[in-house]
Amino acid sequence: AQLPKTLISEGTATGEYVSYSDYRFSADGSRLAFAVTNGDGDKSLFVADLSSDTPGEAVRIETESVAVGVGGFALTPNGKGLAFHAEVDTDAWQLFYVSLDDNGSSDPELVDDASGGYAVTWVTNSRVVYGAETQHVTRVLENGSFGEAQVVRQYGTFSQIHRPSQRLLLTNAV
């Protein structure tokens, strides 16, 4: 029998309190993204490459250069990219993207400077849908850059995006 693999040892050597949450698998199962929150409430994102029989330790996505906090996030279906909402100032959220081709070591790219903070999903490997102010918008990633935002749906309050199988369901909070 194969023993479980430790994907992360964050905080364990120092005895620091950490919690792990918000697990997101890529649709093809090649990567796992998750959040780690320390005792001060600071949230970091990590991605583990699960494509081999012996996955390596998870890699921290460097969000500190752009954010004071991290919100919703989603992996592309093929696991080659990660979109995440980042709080850049109190109550000011932006959407960022980082390519995972280099194991997430590149700087995050700004996608939208007025994101909603939580709702984000990939419809395909190149089309992301996310909450931005009072609407859901979509952008297409082509040749390494995102196209113009297109409004998918207007809403008045916080909203969630769900993607069961290939259908996209946009819901409003009550």
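Residues numbered from 1 in each chain as written. Predicted model: local features only at pLDDT ≥ 70, side-chain atom pairs only at ≥ 80, totals over all residues. Heavy atoms only, no water.

I'm lost on the overall build of the chain in this one. Help?
The number of helices and strands found in the chain is zero helices and 15 strands. The buried share of the chain, taken over its 174 residues, is 41%. Total accessible area computed for the chain in this model is approximately 9500 Å², and 47% of it derives from carbon and sulfur atoms. (Helix = DSSP H or I, 4+ residues; strand = E, 2+ residues; numbered from the N terminus. Buried < 20%, exposed > 50% of the residue type's maximum accessible area, 1.4 Å probe, protein only. Areas by Shrake-Rupley, 256 points an atom, 1.4 Å probe, with all protein chains shown as cover.)

Sorry if this is basic, but what is going on with the side chain of S30 here?
Tracing the backbone through its elements, the reader meets S30 in the loop between β1 (18-25) and β2 (31-38). Within the structure, the side chain of S30 is placed 2.8 Å from the side chain of D28, a separation counted as a polar contact. Setting aside chain neighbours within four positions, we find S30 in contact with A48, D49, L50, S51, N78 and G79. (Polar contact = N/O pair within 3.5 Å; in protein donor to acceptor, adjacent residues only side chain to side chain. Contact = heavy atoms within 4.5 Å.)

What am I meant to see in the pairing of strand β11 (residues 135-142) here?
Two faces make up the sheet, and in a regular strand the side chains alternate between them. Relative to β11, strand β10 (residues 127-132) runs antiparallel, the two sharing six bridges. When the bridges of β11 are listed, V128 appears paired with R139. Pairing between β11 and strand β12 (residues 145-146): two bridges, direction antiparallel. Looking at the pairing, L141 lines up with F146 of β12. The turn linking β11 back onto β12 is made up of two residues, and N143 within it adopts a positive phi angle of 50°. (Pairing = 2+ DSSP bridges.)

Is there a simple way to explain the sheet that holds strand β4 (residues 59-61) in this structure?
Strands in a sheet are paired, the pairing made by backbone hydrogen bonds, and the direction either parallel or antiparallel. The strand order β1-β2-β3-β4 describes an open sheet built from four strands, whose pairing is antiparallel. The sheet is open, and its two edges are formed by β1 and β4, each paired on a single side. Direction aside, neighbouring strands of the sheet carry axes that sit 30° apart on average. Across six bridges, the pairing between β1 and β2 is antiparallel. Residue pairing across strands places S21 opposite A35, the latter belonging to β2. (Axes fitted to C-alpha atoms, helices over the stretch in contact; angles between N-to-C directions.)

Is there a simple way to think about the sheet that holds strand β7 (residues 92-99) in this case?
Read from one edge of the open sheet, four strands run β5-β6-β7-β8, paired in antiparallel fashion. In this open sheet, the two edge strands, each paired with only one partner strand, are β5 (69-75) and β8 (109-112). With strand direction ignored, the average angle separating the axes of adjacent strands in the sheet is 30°.

What should I look at first to understand the nonpolar core in this one?
Taken as a class, soluble globular proteins show a tendency for nonpolar side chains to be buried jointly. In terms of nonpolar packing, the biggest core is built from 14 residues, with L45, I61, F73, L82, F84 and L100 touching the most fellow members. Where this core is concerned, the elements lending two or more residues are β2, β3 (43-49), β5, β6 (81-89) and β7. In contact with F84, other than residues within four places in its own chain, are L45, I61, T63, G72, F73, Q94, L95, F96, V98 and P108. Residues W122, V137, L141 and F146 belong to the second largest nonpolar core, which totals 13 residues. (Core = buried A, V, L, I, M, F, W, Y, C linked by side-chain atoms within 4.5 Å.)

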